[in-house]
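Results of the structural survey
In case you want the letters, here they are:
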Amino acid sequence: MVTIPHKAKQFLVFTIKVLIVTGAFYFIYNQLANNDKLDWQKFIVLFQKNQSISGILFILLLSFLNRFFEILKWQNLVSFIRKISLSEATAQVLGALTAGIFTPNGLGEYAGKALFFEKSVAKKIIFLNLICNGIQMILTIVFGIFGLLYFNANYNIITTKTVIVIFGISILFFLLSFFLKKFAIKGYSIEKLIHKINEIPKSIHQKNILLGLCRYLVFSHQYYFLFLAFDVDLPYLTLMSAITSIYFLASSLPTFQFLDFAVKGSVAVYFFGLLGVNEWIVVFITTLMWFLNVVLPVLIGSYYVLNFKIQKTI
């Protein structure tokens, strides 16, 4: 095996870190500067009309809480292996977010978080990250299904027959999962997965679910309050059903973090178009959500990427 000299290894790591941060900044700039659907003039006019320091601070607070609950979730789950401080959890979550911005569905986050730990626990860290993201996905599906059913009851975007077929397929999938839980592929099975999940104390799972629920309510209502700020006057349940449906459908599509707002935006334009909301408002709010909840954390995460020490992985 070829041994890489220590200096060469340091230079290689430094180069990778700079490329990650530079790439993140480039993609962010490119998406904001070259999006022809963003009418900045209309935005400035509306902003000057409705500008409120307290309103801006409230929206920023929701962005902070969104990531803060994610950091607390990670700190809680990692306690299964060892206790980590809030600052360590922050570095791991934001650093991994930055590293995963180029990968489909944020898969790079798994490797990013594992790099902060010894190689001997890398598989456990990846598994814990799966649990961390899994609960968020489950909540998105649960709220999304109810939101979609409510929205569909009022606007008939799909027929009753289609709804029955979807539920039938879902029930069939769960029944197959139950009866085939011992069926293994390359040593992995549903039964083995359930066993590994049960190894984690119930108190950690309960806290994970609570924090995941808090996070979901925060970012979904941030979306809601931004629509109110843009003078979109719709009933609460109608607006929230559209928002939960958008997150549900968008989360099922493969995408990259830096294209997240484009995917959610296209789904949002369809749903809010049915509600009579102007397309430019939908695109702007979706872009703002992306900027507040992905771009700002990535900018902070860039600091942790540049200060990452390779010695921690040895």
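None of these values were measured; they are calculated from a predicted model.

Definitions and cut-offs
- Residues numbered from 1 in each chain as written.
- Predicted model: local features only at pLDDT ≥ 70, side-chain atom pairs only at ≥ 80, totals over all residues.
- Heavy atoms only, no water.
- UniProt positions renumbered as here; feature names shortened; annotations may be inferred.
- Helix = DSSP H or I, 4+ residues; strand = E, 2+ residues; numbered from the N terminus.
- Core = buried A, V, L, I, M, F, W, Y, C linked by side-chain atoms within 4.5 Å.
- Buried < 20%, exposed > 50% of the residue type's maximum accessible area, 1.4 Å probe, protein only.
- Contact = heavy atoms within 4.5 Å.
- Salt bridge = Lys/Arg side-chain N within 4 Å of Asp/Glu carboxyl O.
- Expected span 1.5 Å × (residues − 1).

Quick look at the UniProt feature "transmembrane region" (unreviewed entry) in the protein chain
- The positions that UniProt labels "transmembrane region" (unreviewed entry) are, in the present scheme, residues 12-32, 52-69, 126-151, 157-180, 234-251 and 281-306.
- Each end of residues 52-69 is marked by a C-alpha atom, and these two atoms are 26 Å apart; helix forms 94% of the span and strand 0%.
- Taken end to end, residues 281-306 is 100% helix and 0% strand, and its first and last C-alpha atoms sit 36 Å apart.

Brief notes about the nonpolar core
- Counting residues in hydrophobic clusters, the biggest one holds 33 residues, and the most contacted among them are Tyr223, Phe227, Ile243, Phe272 and Val277.
- Of all the secondary-structure elements, those providing two or more residues to this core are α6 (122-155), α9 (202-229), α10 (236-251), α11 (260-274) and α12 (279-306).
- Here this core gets eight residues from one element, more than from any other, and that element is α10.
- If sequence neighbours within four positions are ignored, isoleucine 243 has contacts with Ser220, Tyr223, Tyr224 and Phe272.

Digging into the pattern of salt bridges
- Overall, the coordinates contain three salt bridges when judged by the stated rule.
- The salt bridge partner of lysine 73 is glutamate 70, with a shortest N-O separation of 3.3 Å. Highlighted residues: lysine 73 and glutamate 70, both in helix α3 (residues 53-78), separated by three residues, approximately one helical turn. Grouping residues by exposure puts lysine 73 and glutamate 70 together as buried.
- Where arginine 82 meets glutamate 118, a salt bridge forms, and the shortest distance between an N and an O atom there is 3.1 Å. Placement of the pair is arginine 82 in the loop between α3 and α4 (86-99) and glutamate 118 in the loop between α5 (108-114) and α6, with a sequence separation of 36 residues.
- For arginine 82, a relative accessible area of 31% translates into the label partly exposed.
- The class for glutamate 118 is partly exposed, based on a relative accessible area of 30%.

Quick notes on α10
- A rise of 1.5 Å per residue sets the reference length of α10, with its 16 residues, at 22 Å; its end C-alpha atoms lie 22 Å apart and thus fit the reference within 8%.
- Counted residue by residue, α10 has twelve buried out of 16 residues, so it is predominantly covered.
- For α10, every residue scored as buried is listed here: Thr238, Leu239, Met240, Ser241, Ala242, Ile243, Thr244, Ser245, Ile246, Tyr247, Phe248 and Ala250.

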